[in-house]
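Structural overview for review
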Amino acid sequence: MSATVLYIEDNSDNLTLVKRAMEAAGYQFLGAEDGLSGLKIAEEMIPDLILLDINLPDIDGYEVARRLRSSSKPGLIYVPIVAITANAMRGDAEKALAAGCDVYMPKPINIRELWARVAALLQSPQTS
Ligand code: MN
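Figured I'd write up the structure that's included with this text. (Residues numbered from 1 in each chain as written. Predicted model: local features only at pLDDT ≥ 70, side-chain atom pairs only at ≥ 80, totals over all residues. Heavy atoms only, no water.)

The number of helices and strands found in the chain is six helices and five strands. For the chain, the succession of helices and strands along the chain, N to C, is β-α-β-α-β-α-α-β-α-β-α. Taken against the 2.2 N^0.38 rule, which gives 14 Å for 128 residues, the C-alpha radius of gyration of the chain at 13 Å falls within 12% of a compact globule. Referenced to the eigenvectors of the C-alpha coordinate spread, the extents of the chain come out at roughly 40 × 30 × 25 Å. Burial statistics for the chain: of 128 residues in total, 45% are counted as buried. Sequence-distant contacts, at least 24 apart, represent 61% of the contacts inside the chain between residues at least 6 apart. (Helix = DSSP H or I, 4+ residues; strand = E, 2+ residues; numbered from the N terminus. Rg over C-alpha atoms; globule rule 2.2 N^0.38 Å. Buried < 20%, exposed > 50% of the residue type's maximum accessible area, 1.4 Å probe, protein only. Contact = heavy atoms within 4.5 Å.)

Set out below in structure tokens:
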């Protein structure tokens with residue numbers, strides 16, 4: 001069975017772009033347009049990897065990552081999280097990593113780099 005990737009992102013253009021890229025690479029794709037619905041889908045579906053925008057309309061991506069890492073669902077405590085954000089300000093990468101994200105990628109999204117990151121993270125041994 002192919003891996004499932006959840007992307008939490010309020011920008012529909014990015015959501016569409018990444019959906020196509022993930023499906024082209026053979027992954028199952030799930031999308032959510034805000035933090036709370038992203039958390040709900042994550043708890044229901046336990047994706048193999050999560051792509052996470054930081055600027056979301058409700059709770060921000062840092063809070064989403066912290067809630068995933070403290071989830072009662074064991075599959076979400078160690079799920080790889082890739083933070084993707086346009087915030088170029090110093091400290092954002094550190095904040096994302098401190099909140100529990102594994103990797104930080106700046107926007108605009110480089111699809112080849114995203115494919116490489118996702119593939120590398122999905123190769124890591126999973127406990128679930
Ligand atoms: Mn956003």
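We now examine the pattern of salt bridges. The final tally for this structure, using the stated rule, is eight salt bridges. A salt bridge links R69 to D102, with the nearest nitrogen and oxygen atoms 3.0 Å apart. Of this pair, R69 sits in helix α3 (residues 61-69) while D102 sits in the loop between α5 (92-98) and β5 (103-106), and the two are 33 residues apart along the sequence. Three or more residues are tied together by salt bridges with common partners; here these are E9, D53 and K107. (Salt bridge = Lys/Arg side-chain N within 4 Å of Asp/Glu carboxyl O.)

The pairing of strand β1 (residues 4-8) with strand β2 (residues 28-32) spans five bridges and is classified as parallel. Bridge pairing in β2 places I8 opposite A32. (Pairing = 2+ DSSP bridges.)

Glancing now at the environment of D92. Note that D92 resides in helix α5. Judged by relative accessible area, which is 7%, D92 ranks as buried. Once the C-alpha coordinates of D92 and P106 are considered, the two residues, 14 residues apart in sequence, prove to be 9.9 Å apart. Filtering out sequence-adjacent residues up to four positions away, D92 remains in contact with Y62, N87 and Y104.

This brings us to α3. When we look at burial in α3, the residues that qualify are G61, Y62, V64, A65, L68 and R69. The buried residues of α3 occupy an angular sector of 160° when the element is viewed end-on, so they sit on one face. Of the surrounding elements, those touching the buried residues of α3 are β1, α2 (35-45), β3 (49-53), α4 (74-77), β4 (81-85) and α5. The N-terminus of α3 is capped by D60, whose side-chain oxygen sits 3.1 Å from the backbone nitrogen of Y62. (Arc of directions from axis to C-beta. Polar contact = N/O pair within 3.5 Å; in protein donor to acceptor, adjacent residues only side chain to side chain.)

The next subject is the coordination of the manganese ion. Protein coordination of the manganese ion is provided by D10 (OD), D53 (OD) and N55 (O), with donor distances spanning 2.0 to 2.2 Å. Here the donor residues of the manganese ion share one chain and are spaced in sequence as D-x42-D-x1-N. Of this pair, D10 sits in the loop between β1 and α1 (12-24) while N55 sits in the loop between β3 and α3; the two residues are 45 residues apart in sequence, bridging distant segments of the chain. Residue D10 is classed as partly exposed on the basis of its relative accessible area, which comes to 37%. (Donors = N, O, S within 2.8 Å, 3.2 Å for Na, K, Ca; no water.)

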